[in-house]
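As a plain string of letters, each chain reads:
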Amino acid sequence: MDPSLFYRPGALLSQQELIAARLDGLLVEVGEGYMPVDLPEDAGARAAALIPILSPGFAASGPTAAWVHGIGDAPPLRHHIQRAVDHRPRVHPRQNLIMHEGRVPPSDLLLVGAVPVTTPLRTLTDLVLTSGRYDECAAWMRSMATACPSLVPRVQSLLVARSRLPGKRAALAALAELIAGREQEEGAQDEVTRYTS
């Protein structure tokens, strides 16, 4: 998305002017900013909304990355970021921000516009690993697993292959629940198809 089509409060227009334009049907709110209503809210638009939130040297991760990848209609209440460089960059403190300490390797990152975001596979892996600590991560994990079912067995293989990983046992249990729930849902759909045929 062209950055000139994304409006942040205070940059070109005030918050009140942006809200008025939204009420007039000219703009739609996307995360921390606004964009014209006739443009699709794609990954580029969602990533552009994160620019004021992301400190240099950090990548969107967890629920925030899932939102950028198209999961959910609204951004998470608390954004998750993770270090993407070797050194420890300074973080601009915000109330709605959770910073994860571990460094994300370059192979697990992609650029959406100018914003570094964890790949879908890494995003779901992080959500599974943090689902026991954060209720919101559990909800985003279920949504992403439903939207991207092919990632679930890949995440399971990654976790099984790791020998020492904090939270591995709980993460594998969460994945087993996801897989069992999906199999049960598919069985119910097969039953309905047989009944209606």
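About the cut-offs
Residues numbered from 1 in each chain as written. Predicted model: local features only at pLDDT ≥ 70, side-chain atom pairs only at ≥ 80, totals over all residues. Heavy atoms only, no water. Helix = DSSP H or I, 4+ residues; strand = E, 2+ residues; numbered from the N terminus. Buried < 20%, exposed > 50% of the residue type's maximum accessible area, 1.4 Å probe, protein only. Contact = heavy atoms within 4.5 Å. Core = buried A, V, L, I, M, F, W, Y, C linked by side-chain atoms within 4.5 Å. Salt bridge = Lys/Arg side-chain N within 4 Å of Asp/Glu carboxyl O. Axes fitted to C-alpha atoms, helices over the stretch in contact; angles between N-to-C directions. Parallel < 35°, antiparallel > 145°, perpendicular 65-115°, else oblique. Left-handed = near helix turned anticlockwise from the far one by under 90°. Nonpolar A, V, L, I, M, F, W, Y, C, P; charged D, E, K, R; others polar. Expected span 1.5 Å × (residues − 1). Arc of directions from axis to C-beta. Pairing = 2+ DSSP bridges.

Brief notes about the overall build of the chain
Part 1: Across its full length, the chain carries seven helices and seven strands.
Part 2: Along the chain, helices and strands appear, N-terminal first, in the series α-β-β-α-β-α-β-β-β-β-α-α-α-α.
Part 3: The principal-axis extent of the C-alpha atoms belonging to the chain is close to 55 × 55 × 25 Å.
Part 4: Burial analysis of the chain (197 residues in total) assigns 40% to the buried set.
Part 5: Of all intrachain contacts in the chain linking residues separated by at least 6 positions in sequence, the fraction that spans at least 24 positions is 52%.

Some thoughts on the nonpolar core
Part 1: Core analysis: the largest hydrophobic core is formed by 43 residues, its most contacted members being Leu124 and Val128.
Part 2: Not counting residues within four places of it along the chain, the set of residues in contact with leucine 124 comprises Met141, Met144, Ala145, Leu151, Val152 and Val155.

Things to note about the pattern of salt bridges
Part 1: Per the stated rule, a full pass over the model turns up six salt bridges.
Part 2: Among the salt bridges present, the one from aspartate 86 reaches arginine 103, with a minimum N-O distance of 2.9 Å. Of this pair, aspartate 86 sits in the loop between strand E4 (79–83) and strand E5 (97–100) while arginine 103 is found in the loop between E5 and strand E6 (109–112), placing the two residues 17 residues apart along the sequence.
Part 3: Assessed through its relative accessible area of 34%, arginine 103 is described here as partly exposed.
Part 4: A salt bridge links arginine 122 to aspartate 126; its shortest N-O distance comes to 2.9 Å.

A look at the packing of helix H4 (residues 120–130) against helix H5 (residues 135–147)
Part 1: Interaxial distance between H4 and H5 falls to 8 Å at its minimum, and their mutual angle equals 140°. Classified by the interaxial angle, the pair formed by H4 and H5 is oblique. Our pair here, H4 against H5, has a crossing hand that is left-handed. Residue-level contacts link Pro120, Thr123, Leu124, Leu127, Val128 and Thr130 of H4 to Cys137, Trp140, Met141, Met144 and Ala145 of H5.

Re the packing of H4 against helix H6 (residues 151–161)
Part 1: The geometry of H4 relative to H6 is characterised by a closest axis approach of 10 Å and an angle of 65° between their N-to-C directions. Considering the angle they form, H4 stands roughly perpendicular to H6. Once H4 is placed against H6, the crossing between them reads as right-handed. Contact residues: H4 offers Pro120, Leu121, Leu124, Thr125, Val128 and Leu129, while H6 offers Leu151, Val152, Arg154, Val155, Leu158 and Leu159.
Part 2: Of the residues in the contact of H4 with H6, the class split is ten nonpolar, one polar and one charged.

Focus on H5
Part 1: The first and last C-alpha atoms of H5 sit 19 Å apart over 13 residues, in line with the 18 Å expected at 1.5 Å per residue.
Part 2: When H5 is considered as a whole, its buried residues turn out to be Glu136, Cys137, Ala138, Trp140, Met141, Met144 and Ala145.

Thoughts on the side chain of arginine 122
Part 1: Locating arginine 122 in the fold gives a position in helix H4.
Part 2: The residues touching arginine 122, leaving out its near neighbours within four places in the chain, are Gln82, Val104, Pro105 and Asp108.

Comments concerning H6
Part 1: Among all positions of H6, only Leu151, Val152, Val155 and Leu159 are buried. Within H6, the buried residues cover an arc of 100° as seen down the axis, which keeps them to one side. When the buried face of H6 is taken as reference, the exposed residues oriented beyond 90 degrees from it are Val160 and Ala161.

What about the pairing of strand E7 (residues 115–118)?
Part 1: One ladder, built from four bridges, connects E6 with E7; its direction is antiparallel. When the sheet's bridge partners are listed, leucine 109 is paired in E7 with threonine 118.

Don't take any of this as a statement about function, it's just geometry.
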